[in-house]
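Summary of structural features
Residue-level listing of the chains:
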Amino acid sequence: MAKGFTMASLGQCLVETFHEAVPGIRSVAILVAADRPDLVKDLLSIHNRARVIYGENKKLALEADGTISCEDLNCESCSEKEACDTIRDVIVRRRNN
């Protein structure tokens, strides 16, 4: 911090890293939520959707039509239930708009 490191410089480094790692990427937006537990909680739904899109959740798959499919047949005992519920809610809202 004494040498001028800021959250903005962290964001710039992350943007550059994405551009290097993903050739052809046109746009990257970075949000750094440091020391804001309320904001982090609000962003959890976006995090859960990103996990599905990038394949971190091995049970869920994003289909071509934008729906989510799952290999597990019992949602009540699944550790990913919260993420699925968030994603389903987003899909319903988009369809209603």
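Coordinates for the structure precede this section.
Note that the structure is a prediction, hence the values are computed from the model and not measured.

**Details of the overall build of the protein**
Along its length, the protein carries four helices and two strands. When the helices and strands of the protein are placed in sequence order, the string is α-α-α-β-β-α. Among the 97 residues that make up the protein, the fraction classed as buried is 15%. Taking the contacts inside the protein whose residues are at least 6 apart along the sequence as the reference set, 32% of them involve residues at least 24 apart.

**A look at the layout of surface pockets**
Considered as a void within the structure, the largest pocket measures approximately 550 Å³ in volume. Lining the largest pocket we find 14 residues, and of these Phe 18, Ala 29, Ile 30, Leu 31 and Ile 46 sit closest to its centre. Elements supplying a minimum of two residues to the lining of the largest pocket: α1 (7–21) and α3 (44–53). Among the residues forming the lining of the largest pocket, the class breakdown is twelve nonpolar, two polar and no charged.

**Some details on the pattern of salt bridges**
Across all of its chains, the model carries one salt bridge by this definition. As a salt-bridge pair, Arg 36 and Asp 38 come within 3.3 Å of each other at their nearest N and O atoms. Taking the relative accessible area as the measure of exposure, Arg 36 reaches 40% and is therefore partly exposed. You can call Asp 38 partly exposed: its relative accessible area is 45%.

**A word on empty space enclosed by the protein**
The gaps of empty space that remain are located by a probe, the size of a water molecule, rolled over the atoms. Summed over all chains, the structure comprises one cavity of 30 Å³ or more. Of the voids in this model, the largest cavity is the one considered here, and its volume is about 40 Å³. Lining the largest cavity, in full, are Cys 70, Cys 75, Cys 78, Lys 81, Cys 84 and Arg 88. The element contributing the most residues to the lining of the largest cavity is helix α4 (residues 81–96), with three residues. Residue composition of the lining of the largest cavity, grouped by class: four nonpolar, no polar and two charged.

**What to know about the environment of Ile 25**
Here Ile 25 shows up in the loop between α1 and α2 (37–42). Residue contacts for Ile 25: discarding those within four places in its chain leaves Phe 18 and His 19.

**Considerations on a nonpolar patch on the surface**
Taken together, the side chains of Met 1, Phe 5, Met 7, Leu 14, Phe 18, Val 22, Ile 30 and Val 32 present a nonpolar region at the surface, about 680 Å² in accessible area. Position of Met 1 relative to the elements: it lies in the segment before α1.

What counts, and at which threshold
- Residues numbered from 1 in each chain as written.
- Predicted model: local features only at pLDDT ≥ 70, side-chain atom pairs only at ≥ 80, totals over all residues.
- Heavy atoms only, no water.
- Helix = DSSP H or I, 4+ residues; strand = E, 2+ residues; numbered from the N terminus.
- Buried < 20%, exposed > 50% of the residue type's maximum accessible area, 1.4 Å probe, protein only.
- Contact = heavy atoms within 4.5 Å.
- 1 Å grid on protein atoms, 1.4 Å probe; cavity = no way out; pocket = protein on both sides within 12 Å on 5 of 7 lines; lining within 4 Å.
- Points joined across faces, edges and corners; volume = space filled by probe spheres on them.
- Nonpolar A, V, L, I, M, F, W, Y, C, P; charged D, E, K, R; others polar.
- Salt bridge = Lys/Arg side-chain N within 4 Å of Asp/Glu carboxyl O.
- Patch = residues over 30% accessible without salt bridge, like charges linked within 9 Å, V, L, I, M, F, W, Y side chains within 5 Å.
- Areas by Shrake-Rupley, 256 points an atom, 1.4 Å probe, with all protein chains shown as cover.

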